[in-house]
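# Per-entry structural report
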Amino acid sequence: MLDGSPESIYNTLKLLDYFADISGLKMNYTKTKAIWIGNKKYSKDVYHHARWKLDWGDTQFSMLGVKFTNDLDTIIKDNYENKINEIKSLIRQWSIRLLTPLGRLTVLKTLILPKLTHLLISLPNPDAKLIENLNSIFFKFIWQNKPEKIKRDVITQEYRNGGIKMIKLSHFMISLKTNWIRRLLLSEPKWLSLYKLTTGLTCKDLVIYGDHYVKLKIRKITNPFWRDVMECWMLLQNKQSPENENDLMGTSIFYNSSICINQKPVYFKSFVENGVFYIKDLLDEQGNFLSLDKLTVKYRVTTNFLQYASLINAIKSYIRLNGNINITSVVTSNLNFPFKLKIILKDDKGCKPVYRLLSNINVTPTSQIKFATEGYDLSPVEWANCYSLPFKCTEDTNLRWFQYKILHRILTTNVFLQKNRYID
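Residues numbered from 1 in each chain as written. Predicted model: local features only at pLDDT ≥ 70, side-chain atom pairs only at ≥ 80, totals over all residues. Heavy atoms only, no water.

## A few points about the pattern of salt bridges
- One pass over the full model with this rule turns up twelve salt bridges.
- Across the pair K83 and E86 runs a salt bridge, and its minimum N-O distance is 3.9 Å. With K83 and E86 both in helix α2 (residues 75–95) and three residues apart, the pair spans about one turn of that helix.
- The partner of K165 in a salt bridge is E158, with the nearest N and O atoms 3.8 Å apart.
- With a relative accessible area of 26%, K165 lands in the partly exposed category.
- Residue classification places E158 among the buried positions, given a relative accessible area of 19%. (Salt bridge = Lys/Arg side-chain N within 4 Å of Asp/Glu carboxyl O. Helix = DSSP H or I, 4+ residues; strand = E, 2+ residues; numbered from the N terminus. Buried < 20%, exposed > 50% of the residue type's maximum accessible area, 1.4 Å probe, protein only.)

## Side note on the pairing of strand β4 (residues 66–69)
- Direction of pairing for strand β3 (residues 60–63) relative to β4: antiparallel, over a ladder of four bridges. When the bridges of β4 are listed, Q60 appears paired with T69.
- Between β3 and β4, which pair antiparallel one after the other, the connecting turn spans two residues, and L64 there sits at a positive phi close to 55 degrees. (Pairing = 2+ DSSP bridges.)

## Focus: the confidence of the model for the chain
- Residue-level pLDDT values for the chain average 87, and 94% of them are 70 or greater.
- Mean pLDDT per element in the chain: helix α22 (residues 414–419) is the minimum at 64, and helix α3 (residues 101–112) is the maximum at 95. (pLDDT = per-residue confidence, 0-100.)

## Let's talk about the side chain of D211
- Its place among the elements puts D211 in helix α11 (residues 211–218).
- Here D211 is buried and forms no salt bridge, its nearest opposite-charge partner K340 lying at an N-O distance of 4.5 Å.
- Looking at D211, its side chain comes within polar contact range of the side chain of S257, at 2.7 Å. (Lys, Arg positive; Asp, Glu negative; His and termini not counted. Polar contact = N/O pair within 3.5 Å; in protein donor to acceptor, adjacent residues only side chain to side chain.)

Here it is in structure tokens:
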């Protein structure tokens, strides 16, 4: 163990040399920095050796694109400040080109946003002020430092909803963080024991319990990175609602903030210990709730009539709140995990489904409301076709943007110029 003494450092370096002799993986000591951490992070002590010429005296180093210092509290500031300067430099280079907002959005997604992706995945979340600063930089680039002509909530939507798929950084950050949950569930990473030690959560906890369980655990997580991951996971769970019969049956019963008795999420230890996790576990083959006698025979749980009746009523209230989805039968073959995990387990990689879910909000473009008052009262399907058509008919971004401006009534016309007294 490194204890700060010269002997411990030299013994460690000898061990690394011994490993190099066996494996062929030799350290390049000319590029190796030695930095004090812990109680001696501001120490001026240096241990030079003729055999190992280490670089002493620095207080920071870079590894895999992330800058580390001996003060981890400044890791967000140290990394994002440099990236923001790089982003501003790139924006200056591309701002002189005659591009449509659609073209600038392509630049933003392909050249600018990737500079932040690695940091958003591997570091704690930046604060709201920094996120707002980055959003401001992005939107000013899209609109060339001019007033924004379309609401941000609209322009970040899918084409069919009147948007251009502009990036909303806060949602992008959440979707990247939830990827860590998929890594935990689909593989057995080497850092799994570290995750358990840091969070006090197991993979089974994430699978069988609802969002309130994570909320309770977050209070005890001191590691800022894993606390952010769990907060993002909790936000994603709260964003989802069951859409069909299978989703409803795959809903976690316990520690679910939507299934409450006396306005408190439910937890019955006896149920969990005997394998009752989801709504489907309380149903018979016809989709009816098990009677108390059948429940105790099937699972051998310890409960009473009042407790079980309260639980059934809470679940029925949850079903009513979600549109009274009809349960006609129970098919258990595909219900080995709650439906709220489906969105992150849908693909082996990527976070597009999560980002789309977070960004999909019910917002009506201002132009659509104005068209309706003038008698152009189209159905939602017709409006979706109108908004999507420019992106289907041509690859020319100028034509696409021209039609987009017409639909959103931001195309400058003589009437507009007269109202603003630019022309007579």
